[in-house]
Amino acid sequence: MSNRAQKNEEQPAIRVGFFELFRFATCKDILMMVVGCLCALLHGSAQPLMLLVFGLLTDAFIEYDIELQELSDDRKELLDIEYEMMMFAFYYAGIGAAVFLLGYLQISLWVTAAAKQIQLIRKLYFSKVMRMEIGWFDCTSVGELNTRMSDDINKINDAIADQVSIFVQRFTTFVCGFCVGFVKGWKLTLVIIAASPLIGVGAGLMALLTGMELQAYAKAGSVADEVLSSIRTVAAFGGEKKEVQRYDRNLVSAQRWGIRKGLIVGFFTGFMWLVIFLCYGLAFWYGSSLVVDTKEYTPGTLLQVFFGVLIAAMNLGQASPCLEAFASGRGAATIIFETIDREPEIDCLSEAGYKLDRVKGDIEFHNVTFHYPSRPEVKILDQLNVVVKSGETTAFVGSSGAGKSTAIQLIQRFYDPKEGMVTLDGHDIRGLNIQWLRSLIGIVEQEPVLFATTIAENIRYGRPGVSDKDIITAAKEANAYNFIMDLPQKFDTLVGEGGGQMSGGQKQRIAIARALVRNPRILLLDMATSALDNESEAVVQAALDKVRMGRTTISIAHRLSTIKNADVIVGFEHGQAVERGKHNELLERKGVYFTLVTLQSQGDKALNEKARQSRSSPLGMTKSTLLQSKCFERLMHNAFLEEDDELVEPASAARILKYNTPEWPYMLFGSIGAAINGGVNPVYSLLFSQILATFSVQDPVAQRKEINSICLFFVVVGIVSFFTQLLQGYAFSKSGELLTRRLRRLGFQAMLGQEVGWFDDHRNSPGALTTRLATDASQVQGATGSQIGMIVNSLANIGVALIISFYFSWKLTLLILCFLPFIALSSGFQASMLTGFAKQDKEAMEAAGQISGEALNNIRTIAGLGKEKTFVEMYEAQLDAPYQAALKKANVYGACYGFSQCIIFLTNSGSYRFGGYLVQKEGLHFSLVFRVISAIVTSGTALGRASSYTPDYAKAKISAARFFQLLDRVPQISVYNDKGEKWDNFQGNIDFIDCKFTYPSRPDIQVLNGLNVSVKPGQTLAFVGSSGCGKSTSVQLLERFYDPNHGKVLIDGHDTTRVNVSFLRSKIGIVSQEPILFDCSIAENIKYGDNLREISMNEVISAAKKAQLHDFVMALPEKYDTNVGSQGSQLSRGQKQRIAIARAIIRDPKILLLDEATSALDTESEKTVQEALDKARQGRTCIVIAHRLSTIQNSDIIAVMSRGIVIEKGAHDQLMALKGAYYKLVTTGAPIS
């Protein structure tokens, strides 16, 4: 993996040029896009055009006012202002209509063209993924592929759809705005441009900061990750409270950065407003001198130039998010296009390869060496030679990971061997046609995969075009017919997602029927009966025995009953076939097979005894090879991914605020700042109209004075808004960061307080939990401070605007108020447009997503059945609905966009016309018309902007709800509460009484099956048995990581479920097979053994001496202060093991648990560690789990376990005398693994 990761780092993340995104466009698409671009160009020039009209309009008003003053006595030759305004209204309305049309066209054409291309990309991508070889799926997680199919393709969509046309439009506006400025008045334009870079600087710096904040959290995040990954160690040593404090200490720096960021954002926002107001002041001061003193400009020209530059600058700013969309689209396209262009190593849909006329069915492995592409360092098969004769049943046996399932996958040609070859009838299978080869093979797996359709359809997947009669025959052969006919809908019963509605035995039999319907030459049974109870096993076994006749069959199994009657048994070990023969021959050889048989027959006998007593049908041991457990994990993972967005009711704002109450003073000050900031916008319109009024003043001195005072006022407003922005930014970020830190700490504390079983759930994997702490907690602040600020800001804005407008002209205000909702809507719509459509797309894609998800999760089954084409066709059929939805969306979206763009033109058209009427008929001063219109229009846009902040708010409430779910969850085994029994003279007397247990994450596998064993204080009990028989589980029950489902564990006669958890754990020391150390010094790691008190250095040293560790530590340069590295990576295994022993000794526990404490060591270090352990065991009750007999011979009691119960117990000599399972193990020296 590592070298692959490095290769990727050297290549840039974006390897697709912008125009390459359109490589799947047809001529028609290109035409649509070109027309769309032209529309966008024209649309972009509309706003600057409007400015020209606006300039003329202003001049008309001022001229009228001046004439009024001059001819106050004689009213004859007055300008007919109402008629003039009528003309301007028509101009405005005309531009508005054109804008609507252009906006509609530019958007709908681009979106339509994009929809076509995206549909094609989806088809190509999915069909290419379905053709990939299985090894590729091992290296690419299914979750990742699903995200790519949904999110990454959506990102490409964003980059090639409406964003392009919007970018073109905004860029055009930018260019035209500057053109208007330069053509109409270059002097003023240059003055304004000179000040504008300052605004850009502020915006750039704000983006830099977010990155810094995330880095600051990284330290705390790594603490959380380390602790959650080693939760069992933390729980065993009672380190929860200590870890919460350590995490909290590391949160300080993240909090500091957050507050600093708030301050700086506030500073820059304030700074930008300050610069803008200073610009206003400067422009009007300089501009007015050009109008009044040199008479170069008319007042209208001044406005055209000023607004031209302003609009240009704003549009340039708005065009930049589009660039971001282009970049992320290109990034997403990189991976997708590379997959589309990749040629699979084993192409399952290729027509190439021979098809043999007659197939006998001889399979042979010649010197096959193989490792999985996802784990190249682990050799699975090592020079494997096996012959499987046609018509015979060959059984593969061996321990987990010996390569049995792998051999079967090579026969199906899921992988190609690295060396050697697999042949069918003497032909190398790499030369045969894949679909044809797989059509010869029927496979029944341990966890059969059914598809979410009816039983009949599932069987039909076995062979296309099979008749109903054949389906029924196959079902009868598989012993499935009777149970199917008992179901209400018979063969039309739906089996549910992944076959979830059926029991294990039923699923297994449907899978067998599906394999039989193929009428296969070769039958592969991979643990086909392992997951069943005895009754259904017998039925399924009978079915399999019926169908094996005359076919080449390979069967992998752990149960003797299923193997005994095979023609040949092949024993696997470490990727080689070490023995081969019939049942009796192999028993005499005393090898791999013998060991399996011994342990099992004993276990079976004991279980049958129990079964007779309790008449319950026990579940068998199941093997899950790494691979299968991986697939299973993925299946689970995906099932959980779906559920992960499970609908949480958004949390109430009141509860979120409750967590934020201590910060109320900050919030109060923040709100005051926000209110003042809101009032600034309308004040600006007051000043702006005041300036226009001065141009009609006749007296030059008074005029000059008035202009200067207004410009000065601009500066004052700028300075005020600078400070209030700063206040708002700081206060809210402070309250928000304190809230985030408080939530993170509480969340972390709640996580550590959950029972260990909770962490087994894939949704609660360390990665998922760390992300939850990192993102959910910081999103919650979106619901408090900044949200309140936003609301107060908008209310103040609108309030002040309305007061001003009603005060100056209530009639005009009422007219404009009719337009206000539309303006707010359009402004809000533009903001939500960027986010809103994603949701609908997601819903439309859901059906297609289900098919792709099912296909990718079960890719092995689909490949085995040769059904890739079917799934690709099903997927493509489902893509039609989202495509139609996208076309509909194109029109709706285009219309909305056009409307939102033209509404402001229509507002102006109506209001100025009415304004002209009021000026003429009611003698309203013209500056008031401007004042009212601009006050309300600006507040309307502000309103819209505020409404666009709601997605953050909604997200925050959902994050909060997820968080509160965690805080409110009551753990089944609680560490934090002080309830429960404690007693003084703790002896260490342990009894397991009839314990039954299944892990909550795998409820179908019974791990303990009625465990009975007891240890007296000071005795040593050793557990032996094959892996998966429940040895480690019993230790975990003792630690109370889990509680038994049935039966009880007693300590000194107290039932553990009633004992105080931390008291119980404080009496137990544990040394496990792979000890987990924390990323701190050796001394600190040893001190971790007892977190309830302060430990002196002398104690540490004496514990280290007992653990044979002291000499080695003193030889290190930094002695006890040496950092062990993350997970103890700086130390060898033996050294880690001894630190773990010292850590257990320092607790001075009454009970010592050694879980394979020496198994991972070489002989040298094993001796040392063993001595250390023998010292540590003195005077303590001890439970040892070991694989090497040498380590357990001197135990007081040895318990031999198989399938979750004890089959023999006693001292070494007693057991040897019994001549049972233990005796066989010792005498043959066979490994117990």
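Residues numbered from 1 in each chain as written. Predicted model: local features only at pLDDT ≥ 70, side-chain atom pairs only at ≥ 80, totals over all residues. Heavy atoms only, no water.

Looking at an unreviewed UniProt entry, one finds the protein chain named Bile salt export pump and attributed to Astatotilapia calliptera. Annotation of the protein chain in UniProt includes, under Subunit (unreviewed entry), the sentence "Interacts with HAX1. Interacts with the adapter protein complex 2 (AP-2) throught AP2A2 or AP2A1; this interaction regulates cell membrane expression of ABCB11 through its internalization in a clathrin-dependent manner and its subsequent degradation." Under the heading Sequence similarities (unreviewed entry), UniProt records this for the protein chain: "Belongs to the ABC transporter superfamily. ABCB family. Multidrug resistance exporter (TC 3.A.1.201) subfamily." (UniProt positions renumbered as here; feature names shortened; annotations may be inferred.)

Visitor: Can you tell me about the overall build of the protein chain, naming the residues and giving the values?
Guide: Scanning the protein chain from N- to C-terminus turns up 44 helices and 20 strands. Buried residues in the protein chain amount to 55% of all 1233 residues. (Helix = DSSP H or I, 4+ residues; strand = E, 2+ residues; numbered from the N terminus. Buried < 20%, exposed > 50% of the residue type's maximum accessible area, 1.4 Å probe, protein only.)

Visitor: Please provide a residue-by-residue account of the packing of helix H2 (residues 27–44) against helix H7 (residues 162–184), values included.
Guide: One way to put it is that H2 packs onto H7 with a least axis distance of 7 Å and a crossing angle of 35°. Regarding H2 and H7, the two cross each other, and that crossing is right-handed. Counting all contacts with H2, which are made through Cys-37, Ala-40, Leu-41, His-43 and Gly-44, the residues of H7 involved are Ser-165, Val-168, Gln-169, Thr-172 and Thr-173. When grouped by side-chain class, the residues that make up the contact of H2 with H7 number four nonpolar, six polar and no charged. (Axes fitted to C-alpha atoms, helices over the stretch in contact; angles between N-to-C directions. Left-handed = near helix turned anticlockwise from the far one by under 90°. Contact = heavy atoms within 4.5 Å. Nonpolar A, V, L, I, M, F, W, Y, C, P; charged D, E, K, R; others polar.)

Visitor: Run through the nonpolar core, naming residues and quoting values.
Guide: Ranked by size, the top nonpolar core spans 95 residues in total, and within it Ile-121, Met-130, Ile-156, Phe-337, Ile-363 and Phe-365 carry the most contacts. Tallying contributions element by element places helix H4 (residues 81–131) first for this core, with 12 residues. Excluding residues within four positions of it along the chain, Phe-337 makes contact with Val-16, Glu-20, Leu-21, Arg-23, Phe-24, Ile-121 and Ile-156. Listed in part, the 72 residues of the second largest apolar core include Tyr-247, Phe-748, Met-751 and Phe-1063. (Core = buried A, V, L, I, M, F, W, Y, C linked by side-chain atoms within 4.5 Å.)

Visitor: Talk me through unusual backbone geometry; I want residue IDs and the actual numbers.
Guide: Despite not being glycine, Gln-383 has its phi angle at roughly 55°, a positive value. Tracing the backbone through its elements, the reader meets Gln-383 in strand S2 (residues 381–388). By relative accessible area, which is 38% here, Gln-383 ends up partly exposed. Of note, Asp-1052 is a non-glycine position whose phi angle comes to about 50°, a positive value. Looking at where Asp-1052 falls in the secondary structure, it is placed in the loop between strand S14 (1046–1051) and strand S15 (1054–1055).

Visitor: Residue-level account of the packing of aromatic side chains, with values.
Guide: Summed over all chains, the structure comprises 51 aromatic pairs. On the basis of an interplanar angle of 75° and a centroid distance of 5.7 Å, the ring pair of Phe-61 and Phe-930 is categorised as edge-to-face. With Phe-61 in helix H3 (residues 46–70) and Phe-930 in helix H34 (residues 926–947), the pair connects residues that are 869 residues apart, well separated along the chain. The burial state of Phe-61 is the same as that of Phe-930; both residues are buried. Aromatic pair Trp-758 and Phe-759: ring centres 5.2 Å apart, planes at 85°, arrangement edge-to-face. For Trp-758, a relative accessible area of 10% puts it in the buried group. Here the guanidinium or amino end of Arg-23 rests over the ring plane of Phe-337, the centre of that ring lying 4.8 Å away. In this structure, Arg-931 is placed above the aromatic ring of Phe-808, and the distance from its NZ or CZ to the ring centre is 4.6 Å. (Phe/Tyr/Trp six-rings, centres within 6.5 Å; stacked < 30°, edge-to-face > 60°. Lys NZ or Arg CZ within 6 Å of the ring centre and 35° of its normal.)

Visitor: Give a detailed account of the side chain of Asn-793, specifying residues and quantitative values.
Guide: Inspection of the secondary structure assignment puts Asn-793 in helix H29 (residues 785–808). The class of Asn-793 is buried, set by a relative accessible area of 18%. Those residues in contact with Asn-793 that sit more than four places away from it in its chain are Ala-674, Asn-677, Gly-678 and Gln-728.

Visitor: How would you sum up the environment of Ile-484? Please name residues and give values.
Guide: Tracing the backbone shows Ile-484 in helix H17 (residues 481–486). If sequence neighbours within four positions are ignored, Ile-484 has contacts with Ile-455, Ala-475, Lys-490 and Phe-491.

Visitor: Please provide a residue-by-residue account of the pattern of salt bridges, values included.
Guide: Applying the stated criterion across every chain, the model contains 24 salt bridges. A salt bridge links Arg-969 to Glu-755, with the nearest nitrogen and oxygen atoms 3.2 Å apart. Taken together, the positions of Arg-969 in the loop between helix H35 (950–968) and strand S11 (990–998) and Glu-755 in the loop between helix H26 (700–753) and helix H27 (756–760) put the pair 214 residues apart, joining distant regions of the chain. By sharing partners, the salt bridges in this structure join Glu-82, Arg-913 and Lys-921 into a single network. (Salt bridge = Lys/Arg side-chain N within 4 Å of Asp/Glu carboxyl O.)

Visitor: Can you lay out the sheet that holds strand S5 (residues 427–428) for me, pointing to particular residues and giving the numbers?
Guide: Strand order in the open sheet made by the four strands is S2-S1-S4-S5, with antiparallel pairing throughout. Two strands in the sheet have a free side with no partner beyond their single neighbour: S2 and S5. In this sheet, strand S4 (residues 419–424) lies alongside strand S1 (residues 363–370) in antiparallel orientation, the contact comprising five bridges. Bridged to Ile-363 within S4 is Leu-424. Where helix H13 (residues 404–411) meets the sheet, it contacts S1, S2 and S4, and its direction lies at approximately 115° from that of S1. (Pairing = 2+ DSSP bridges.)

Visitor: How would you summarise helix H12 (residues 299–341) if you had to cite specific residues and measurements?
Guide: Over its 43 residues, H12 runs 62 Å from end to end, which matches the ideal 63 Å to within 8%, given 1.5 Å per residue. The largest bend in H12 is about 30°, located at Ala-333. (Expected span 1.5 Å × (residues − 1). Bend = angle between axes of the 7 residues up to and from the residue.)

Visitor: Before we move on, could you go through H26 and cite the residues and values that matter?
Guide: Its 54 residues give H26 an end-to-end C-alpha distance of 79 Å, which sits within 8% of 80 Å, the value for a rise of 1.5 Å per residue. The residue sitting at the N-terminus of H26 and contributing the capping side-chain oxygen is Asp-699; that oxygen lies 3.3 Å from the backbone nitrogen of Val-701. (Polar contact = N/O pair within 3.5 Å; in protein donor to acceptor, adjacent residues only side chain to side chain.)

Visitor: Would you mind going over the sheet that holds strand S12 (residues 1006–1015) in detail, with residue names and values included?
Guide: Pairing between the strands of a sheet is mediated by backbone hydrogen bonds and can be parallel or antiparallel. Read from one edge of the open sheet, four strands run S12-S11-S14-S15, paired in antiparallel fashion. The two strands at the open ends of the sheet, each matched to only one other strand, are S12 and S15. Direction of pairing for S14 relative to S15: antiparallel, over a ladder of two bridges. Paired with Leu-1050 across the bridge in S15 is Asp-1055. Where helix H36 (residues 1031–1038) meets the sheet, its contacts fall on S11, S12 and S14, and the angle it forms with S11 comes to roughly 115°.

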